[in-house]
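# Analysis of the macromolecular model
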Amino acid sequence: MQEKIDALYKNKTWTLVSRTANMNVVGSKWVFKTKLKSDGTIDRHKARLVAKGYSQLEGIDFEETFSPVVKATTIRVVLSVAVSLHWSIRQLDVKNVFLYEYLQEEVYMSQPLGFIDSKYPKHVCLLKKSLYGLKQSPRAWYTRFADFISSTGFTHSRSDNSLFIYRRGSSLAYILLYVDDIILTASSDALLQSIMAMLSSEFAMKDLGPLSYFLGIVVKHYSDGLFLSQRKYAAEIIERAGMSSCKSTSISVDAKPKNSVTAGAPYEDPTRYRSLAGALQYLTFTRPDITYVVQQVCLFMHDPRVEHMNAIKRIIRYIQGTLDYGLHLYPSSISTLVSYIDADWGDCPDTRRSTSGYCVFLGDNLISWSAKRQAMLSRSSAEVEYRGVANVVAEICWLRNLLLELQCPLHKASIVYCDNISAICMSHNPVQHQRTKHIEMDIHFVREKVALGEVKILHVPSSYQYADIFTKGLPRQLFTDFRSSLSVRPPPAPSEGEY
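Labelled according to an unreviewed UniProt entry, the protein appears under the name Reverse transcriptase Ty1/copia-type domain-containing protein, originating from Anisodus tanguticus.

Here it is as structure tokens:
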């Protein structure tokens, strides 16, 4: 606590002023946390002074609050590029991250407990710089970091505001920012070290070494690539559900009709249901094999039933049996994007809306996937498949722009594999029919990209339609085959020189 207070005083975070009747004074408190390493052992004990930002008044104490954070797909794309180009990947942490930016608003806070000034015990703190807990602190920190990094030669990515790109001749470097966690990779170790030194000259940085534990994701380096795993996080979900000794299952969902919103009696603890469903959502960062079933249980958060909770328990039993599984990224070609799209027509028993899903590969690496219920009804299987094609083409356009900014332009058309012949024909046929005019916007969008040579829509047999895993329950053997094709497997056995 004393060390933290000394840092705040040194940073001139506040000045003491007399309290007046019209001031809105937010409270303050100390928060204590035990920081753990990736293996679960104790790293350090941490104390932090936090402002009680929930009592701030909008328009008086704060204006803008939203702070961009890097997208999950962007992280996977950058890691895939770095692995394929054999670049070093470093992890950095910023100490006292919210204490660098001056506040634009007048914010008053009570003096911290245990460190009240004996000369002015009735005074309050007029905050000069941002502090943890304030609603505007994340935004202020992002602005501060972005302004500094832009002055050093980095440019903002237009595809993702939390990605910063450096280019000088053949030298390249990427920075990914997620609040105070930073991933840095560069085309040479010399450039990497110079950027780290530059950041340390401006911020109190901590070099955490090669990327190993980021946002709760363990990253293991092997001679043939990276292995991303959330094993510890998955184990915590199982423990939170009280199912540590449960019997595992080999697949996460049966190939049976989907649950209805009115299935069974109401579940007795909706808060617990929502907590587990939300936790499972984050697990899909490295586990695309559970994306579909997690999407399904999240549809019932507003009114969970016993049957819906049973579906969550089945997911947890599946995770119990595949606890060591994670996503592999290999050195691969970064010159091709290949995607698979599928849809299950009218599968929702309540609304008859359809579920569409896709997966996108950069070379051999899975970088993007989705399972989502479509926003409107479709009157044919061709229509629902075509809407799915439009969704994945939009994702491909974004990925192509991202790779162009990363100086990895794609010169070949991106391939979209679809198993519906009618949807493929609509992407090429310029004739509009009466039965397709209501999806005209999607048709024009996809057809334009096909005409420009950016996208090709090709047929794939259903037995090789990997996107099926994102739209429906599959037989056990097909599920395990598709899961392996998505590079979701146990970690490889380490060999000498790997860590």
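Non-glycine residue histidine 86 carries a positive phi angle of around 60°. Assignment of secondary structure puts histidine 86 in the loop between α2 (72-85) and β5 (88-94). A positive phi angle, near 60°, is found at valine 179, a position not held by glycine. Looking at the element boundaries, valine 179 is found in the loop between β10 (171-178) and β11 (181-186).

Moving on to the pattern of salt bridges. As enumerated under the stated definition, the model contains 9 salt bridges in all. Aspartate 324 is paired through a salt bridge with arginine 231; the nearest N and O atoms lie 2.5 Å apart. You can see aspartate 324 sitting in the loop between α8 (306-321) and β16 (326-329) and its partner arginine 231 sitting in helix α5 (residues 231-240), a full 93 residues away along the chain. Classification of aspartate 324 as partly exposed rests on a relative accessible area of 37%. With a closest N to O distance of 2.9 Å, arginine 287 and aspartate 289 form a salt bridge. The exposure class assigned to aspartate 289 is buried, which follows from its relative accessible area of 2%. Residues participating in the shared-partner salt-bridge network are Asp342, Asp468 and Lys472.

It is worth spelling out the packing of helix α7 (residues 291-298) against α8 at this point. Two elements in contact, α7 and α8, have axes whose closest approach is 10 Å; the angle formed by their N-to-C orientations is 155°. Between α7 and α8, the interaxial angle falls into the category roughly antiparallel. Like other packed secondary-structure pairs, α7 and α8 cross with a definite hand, here left-handed. For the pair α7 and α8, contact is made by Val293, Val294 and Val297 and by His308, Ala311, Ile312 and Ile315, respectively. Partitioning the contact of α7 with α8 into residue classes produces 6 nonpolar, 1 polar and no charged.

This next bit is on the sheet that holds β5. In space, the 6 strands of this open sheet follow the order β8-β9-β10-β11-β5-β12, with antiparallel pairing throughout. Pairing within the sheet leaves two strands with one partner each, and these edge strands are β8 (154-156) and β12 (205-210). Going from strand to strand, the sheet's axes swing by 25° on average, the running direction of each strand aside.

For the rest of this paragraph, the subject is α2. End to end, α2 covers 20 Å across 14 residues, agreeing with the expected 20 Å (1.5 Å per residue, within 8%). Across the 14 residues that make up α2, a large majority, 12, are buried. Count one or two residues on from α2 and you reach histidine 86, which has phi positive near 60°.

In the structure shown here, the tally under the stated rule is 16 aromatic pairs. Here the aromatic rings of tyrosine 233 and tyrosine 282 are separated by 5.5 Å at their centres, their planes lie at 85°, and the arrangement is edge-to-face. Of this pair, tyrosine 233 sits in helix α5 while tyrosine 282 sits in helix α6 (residues 270-283); the two residues are 49 residues apart in sequence, bridging distant segments of the chain. Residue classification places tyrosine 233 among the buried residues on the basis of a relative accessible area of 19%. Overall, tyrosine 282 belongs to the partly exposed group, its relative accessible area being 30%. Grouping aromatic residues by their ring pairs yields a cluster made of Trp141, Phe145, Phe148, Phe164 and Phe203. The ring of tyrosine 132 carries the charged tip of arginine 48 above its face, separated from the ring centre by 3.8 Å.

Let us look at the sheet that holds strand β6 (residues 102-109). Spatial ordering of the open sheet is given by β1-β7-β6-β2, a layout of 4 strands whose pairing is mixed. Looking at strand neighbours, the two that pair on one side only are β1 (14-17) and β2 (25-26), the edges of this open sheet. The sheet contact formed by β2 and β6 spans 2 bridges and is parallel. Of the residues in β6, the one forming a bridge with valine 26 is methionine 109.

So, about helix α4 (residues 189-202). For α4, built from 14 residues, the straight-helix expectation of 20 Å at 1.5 Å per residue is met to within 8% by its first-to-last C-alpha distance of 20 Å. All of the buried residues in α4 are Leu191, Leu192, Ile195, Met196, Met198 and Leu199. Seen along its axis, α4 keeps its buried residues to an arc of 160°; they face one direction. For α4, the exposed residues lying more than 90 degrees away from the buried face are Ala190 and Ser201.

Cut-offs and rules
- Residue positions are counted from 1 within each chain, in the order its sequence is given.
- Reporting of local features is limited, given that this is a predicted model, to residues whose pLDDT is at least 70; pairs of side-chain atoms are given and counted only at 80 or more, and all residues count toward the totals for whole chains, interfaces and linings.
- Here the side-chain values reflect all heavy atoms present in the structure, with hydrogen atoms and water set aside.
- Labels follow the DSSP assignment, with helices taken as runs of H or I lasting at least four residues and strands as runs of E lasting at least two, numbered in each case from the N terminus.
- One speaks of a salt bridge when a side-chain nitrogen belonging to Lys or Arg is within 4 Å of a carboxyl oxygen belonging to Asp or Glu.
- Three exposure classes are used, based on accessible area relative to the maximum for each residue type with a 1.4 Å probe and protein chains only: buried under 20%, partly exposed in between, and exposed over 50%.
- Where helices are involved, their axes are fitted lines through C-alpha atoms of the stretch in contact, as for all axes, and angles between N-to-C directions lie from 0 to 180°.
- Under this scheme an angle from 65 to 115 degrees is roughly perpendicular, one under 35 degrees roughly parallel, and one over 145 degrees roughly antiparallel; angles in between are oblique.
- Working rule for handedness: look at the near helix, and if it is turned counterclockwise from the far one by less than a right angle, call the crossing left-handed; if clockwise, right-handed.
- Working rule for contacts: check all heavy atoms of both residues, and any pair within 4.5 Å makes them a contact.
- Gly counts as polar in this scheme, as do all residues outside two lists: the nonpolar Ala, Val, Leu, Ile, Met, Phe, Trp, Tyr, Cys and Pro, and the charged Asp, Glu, Lys and Arg.
- Whether two strands pair comes down to DSSP finding at least two bridges between them.
- To estimate how far a helix should extend, the number of its residues minus one is multiplied by 1.5 Å.
- The criterion for an aromatic pair is that two Phe, Tyr or Trp rings (for Trp, the six-membered ring) have centres within 6.5 Å, with stacked assigned to planes under 30 degrees apart, edge-to-face to planes over 60 apart and tilted to the rest.
- A positively charged side chain is recorded as over a ring if its NZ (Lys) or CZ (Arg) lies within 6 Å of the ring centre. The angle to the ring normal must also be within 35 degrees.
- This arc is built from the directions going out from the helix axis to the C-beta atoms.

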